[in-house]
Amino acid sequence: MLTTALSLVSTLIALLPSPHLKESLKALLALLIKGRGKARPQHTPLKSPSALSRFLNHYPWPTRLFIRTTRKAMERALLAQIAHRRRGPRPRLLVVIDLVTLPKRGCFPALPLSFFHGQWGLHLVVLYLVYGPLRLPWAYRVWRGKGEKTLSLLALRLLHTLPPWIPRRFRLRVVADSAFGTLTFLYGLHRLGYEGVVGMRRNRRLSDGQKLAEVRQGERVFLRGLSLPVWVVRYRYPRPGGEVEGRYVVSTFRATPGTVLVWGRRRFSIEVFFRVMKSELSFGCFGQRTALGVHRFLPLSLLAYLLVHWVRVEGVLPGVSRASGRSIGFSLSWCGWRFMCSWPGLVRGGGRGSFGGLLPSRMDVNAGYAGGARNELTVLLRGAGATICLAQG
């Protein structure tokens, strides 16, 4: 994965037409990784704030090609995970869809800011892929508020951005919360041939007039207005303060309630992703007042997460020591870049709310949220002349 990360960075730098833009990209990536969630243009000694502002808002460079190249690298990483898989049923790929709000203050006339659940800011619908140790933020769409395209429609359009070979090689299982529990979304999943686990309101009406809260655990029902059967599962969700709330999910495939809950619980992997992006990689700390600047800043922030994640994945792939309680480290030099990484021994995650996979031994997971996770990572960018330290969850 280190080779993949370094190859991607070299390819993206080569896409920029001038040495000045290449140095600006290096400085911006270093700033995002080093910023500890509070990256500001004036914090980097490599480029002036005005140079970084012109790089994001004015200078012509191929933003769409930049994004397509990153997605091709993610496709190669996904293919590498199943390259040595033996014959058998297709592996399941978890597709998580969720809405994240980036709170903003001030005047941003070029951005579609709106209110959602009492929060004013930029609302993004994000599609997130999970397979084994890989976590891939694939794409996002901006929700423009009431009266515009609905969350369900944006989610279905995100699913259409997946390349055709992925449904052929994987069995896709889509997980989303109750914001996407609409007839449009469930019917769209059926037409695409994907399995779904979607949150639902407890007072949702069924075809026979009953409410969702009145049916038995695991019962096969028909929602009002939907001709497709779904299976209802209820669970107890712990709230802050020790309270417990009853919630409901529906699955579009027949399975035991325990299986449905296992897949539904894995939705919280995207909540951990959002927390890391906001607290460590400055996902919402943009000051650009142009749509172009914002849509350049957000992919660069996602790219920073992807590079750091691929460095971490190197330590949890087969062939790497996993001795608990001891430090794991490695370094690699390639094409003028050098990556060095070390963190405590890894243990398997478990307990209530954990979403599975290998987690740092010091990570505390409660209801899907990571608290206090710290992987000490040092990335030396020789070309940019910067030394970066990152605490990444």
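Description of the structure in this document. (Residues numbered from 1 in each chain as written. Predicted model: local features only at pLDDT ≥ 70, side-chain atom pairs only at ≥ 80, totals over all residues. Heavy atoms only, no water.)

## Description of the overall build of the chain
Broken down by element type, the chain carries 10 helices and 17 strands. Counting the 393 residues in the chain, one finds 52% classified as buried. Within the chain, residue pairs in contact and separated by at least 24 positions form 61% of the contacts whose partners lie at least 6 positions apart. (Helix = DSSP H or I, 4+ residues; strand = E, 2+ residues; numbered from the N terminus. Buried < 20%, exposed > 50% of the residue type's maximum accessible area, 1.4 Å probe, protein only. Contact = heavy atoms within 4.5 Å.)

## Describing helix 8 (residues 257-265)
Turning to helix 8, its buried residues are Val 260, Trp 263 and Gly 264. Here the buried residues of helix 8 occupy an arc of 100° about the axis, which is enough to place them on one side. Among the structural elements, strand 1 (92-103), strand 5 (171-176), strand 6 (195-200), strand 8 (229-238) and strand 9 (244-251) are those in contact with the buried residues of helix 8. (Arc of directions from axis to C-beta.)

## A short note on helix 10 (residues 291-313)
Under the 1.5 Å per step criterion, the end-to-end length of helix 10 is 33 Å for 23 residues, consistent within 8% with the ideal 33 Å. The element helix 10 is extensively covered by neighbouring structure, given that 20 of its 23 residues are classed as buried. (Expected span 1.5 Å × (residues − 1).)

## Thoughts on the packing of aromatic side chains
This model, assessed by the stated rule, comprises 11 aromatic pairs. Between Phe 273 and Phe 274, the ring centres sit 5.6 Å apart and the planes meet at 45°, which makes this aromatic pair tilted. Cluster of aromatic residues (ring-pair linked, three or more members): Tyr 128, Phe 273, Phe 274 and Tyr 305. Stacked on the ring of Phe 253, the Lys or Arg Arg 173 has its end atom at 3.9 Å from the ring centre. One cation-aromatic arrangement involves Arg 247 over Tyr 237; the distance from NZ or CZ to the ring centre is 4.0 Å. (Phe/Tyr/Trp six-rings, centres within 6.5 Å; stacked < 30°, edge-to-face > 60°. Lys NZ or Arg CZ within 6 Å of the ring centre and 35° of its normal.)

## Details of the nonpolar core
Grouped together as the largest cluster of nonpolar side chains are 112 residues, with contacts concentrated most on Ile 97, Leu 124, Leu 159, Phe 185, Leu 298 and Trp 310. Take this core: its biggest share by element is 12 residues, from helix 10. (Core = buried A, V, L, I, M, F, W, Y, C linked by side-chain atoms within 4.5 Å.)

## Focus on the pairing of strand 3 (residues 119-131)
Of all 13 residues that make up strand 3, 11 are buried, and the element is covered over most of its length. Pairing analysis gives three bridges linking strand 2 (residues 114-116) to strand 3, with the strands arranged antiparallel. When the bridges of strand 3 are listed, Phe 116 appears paired with Gln 119. Where strand 2 folds back onto strand 3 in an antiparallel hairpin, the turn is made up of two residues, including His 117, whose phi is positive at roughly 55°. Where strand 3 lies against strand 4 (residues 134-143), nine bridges are found, and the strand directions are antiparallel. Bridging across to strand 4, Leu 124 finds its partner in Val 142. (Pairing = 2+ DSSP bridges.)

## Quick look at the environment of Phe 297
Here Phe 297 shows up in helix 10. Beyond its immediate stretch of four places on either side in the chain, Phe 297 contacts Leu 32, Leu 56, Ser 282, Phe 283, Cys 285, Phe 286 and Gln 288.

## Concerning the side chain of Thr 70
Within the secondary structure, Thr 70 is located in helix 4 (residues 63-81). Residue Thr 70 is classed as buried on the basis of its relative accessible area, which comes to 10%. When sequence neighbours within four positions are dropped, the list of residues in contact with Thr 70 reads Leu 8, Leu 12, Leu 303 and Leu 306.

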